[in-house]
Amino acid sequence: MQEFIRFCIVGVIAAGIHYLVYYLLQLISGGGVWLSIAYTIGYIVSLICNFFLTTYFTFRSKASVKRAAGFSFSHIVNYTLHMVLFNLFISLNIDRLIAPILVLLIAVPTNFTILHFVYRNKKEK
């Protein structure tokens, strides 16, 4: 249970970073940055922070190439889920500033399940 709580804390931080970068790109450009590009840039910045927080804080592990590969794989799946949902919500005329929040409500639990497998079933000695 503590692991899930730490995951949620890291998730909130990562989601905040992701949304902040996305929002700032929209604000600075006056909405002129293509939504998917702004969303992707936010995701990448968040991903880098998220890897280190997830490794050291959530799962209390050490960073390694193997873990980075597993983390990257989980985030390829996660990113794909994000983009499908994000574009679906946009196509349903959900506000461009609300759509990312709805995406996170679905994607975060999915990503925890994948990452739990990466960090717990592939422990390095």
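Remember, it's a predicted structure, so these values are computed and weren't measured experimentally.

Trainee: It is not clear to me how helix 3 (residues 65–91) should be interpreted in this structure. Could you clarify?
Mentor: Think of an α-helix as turning once every 3.6 residues; residues three or four places apart then point the same way. With 27 residues, helix 3 ought to run about 39 Å at 1.5 Å a step, and its terminal C-alpha atoms sit 38 Å apart, in line with that. Restricting attention to buried positions, one finds in helix 3 the residues Arg 67, Gly 70, Phe 71, Ser 74, His 75, Asn 78, His 82, Met 83, Leu 85, Phe 86 and Phe 89. If you follow the buried residues of helix 3, they end up packed against helix 1 (2–29), helix 2 (35–58) and helix 4 (99–120). Count one or two residues on from helix 3 and you reach Asn 93, which has phi positive near 65 degrees.

Trainee: How do you make sense of the packing of aromatic side chains when you look at a structure like this?
Mentor: We describe a pair of aromatic rings using the distance from one ring centre to the other and the angle between the two ring planes. In this structure the tally under the stated criterion is 13 aromatic pairs. Each ring, one from Tyr 19 and one from Tyr 22, has its centre 6.2 Å from the other, and the planes form 45 degrees; the classification is tilted. Of this pair, Tyr 19 and Tyr 22 both sit in helix 1, three residues apart, roughly one helical turn. On the basis of relative accessibility, which here comes to 24%, the residue Tyr 19 falls in the partly exposed class. With a centroid separation of 5.1 Å and an interplanar angle of 75 degrees, the aromatic rings of Phe 51 and Phe 52 are classed as edge-to-face.

Trainee: I keep staring at the confidence of the model for the protein and nothing clicks. Help me out?
Mentor: Parts of the model with low pLDDT should not have their predicted coordinates read in detail. Here the protein averages 88 in pLDDT, while 96% of its residues score no lower than 70. Per-element averaging of pLDDT across the protein places helix 4 at the bottom with 85 and helix 2 at the top with 91.

Trainee: Hey, could you run me through the side chain of Glu 3 in this one?
Mentor: Secondary-structure assignment places Glu 3 in helix 1. For Glu 3, a relative accessible area of 14% puts it in the buried group. A polar contact is formed between the side chain of Glu 3 and the side chain of His 116, at a distance of 2.8 Å. Apart from the residues within four sequence positions on either side, Glu 3 is in contact with Thr 58, Phe 59, Phe 112, His 116 and Arg 120.

Conventions we followed
- All chains use their own residue numbering, which begins from 1 and follows the written sequence.
- Confidence filtering applies because this is a predicted model: local features only for residues at pLDDT of at least 70, side-chain atom pairs given and counted only at 80 or more, and all residues used for totals across whole chains, interfaces and linings.
- With hydrogens and water set aside, each side-chain value is computed from the structure's full complement of heavy atoms.
- In this description a helix means any DSSP run of H or I spanning at least four residues, a strand means any run of E spanning at least two, and both kinds are numbered starting from the N terminus.
- Multiplying one less than the number of residues by 1.5 Å gives the expected span of a helix.
- We call a residue buried when its accessible area falls under 20% of the maximum for its residue type, exposed when it is over 50%, and partly exposed in between, using a 1.4 Å probe and counting protein chains only.
- Two residues form a contact once any of their heavy atoms are found within 4.5 Å.
- The pairing test for Phe, Tyr and Trp rings, Trp by its six-membered ring, is centres within 6.5 Å, and the orientation test on the planes gives stacked under 30 degrees, edge-to-face over 60, and tilted for anything in between.
- Confidence scores labelled pLDDT are given residue by residue by the predictor and lie between 0 and 100.
- Pairing of N or O atoms within 3.5 Å defines a polar contact, subject to two protein rules: one partner must be a possible hydrogen donor and the other a possible acceptor, and residues neighboring in sequence count only if both atoms are side-chain atoms.

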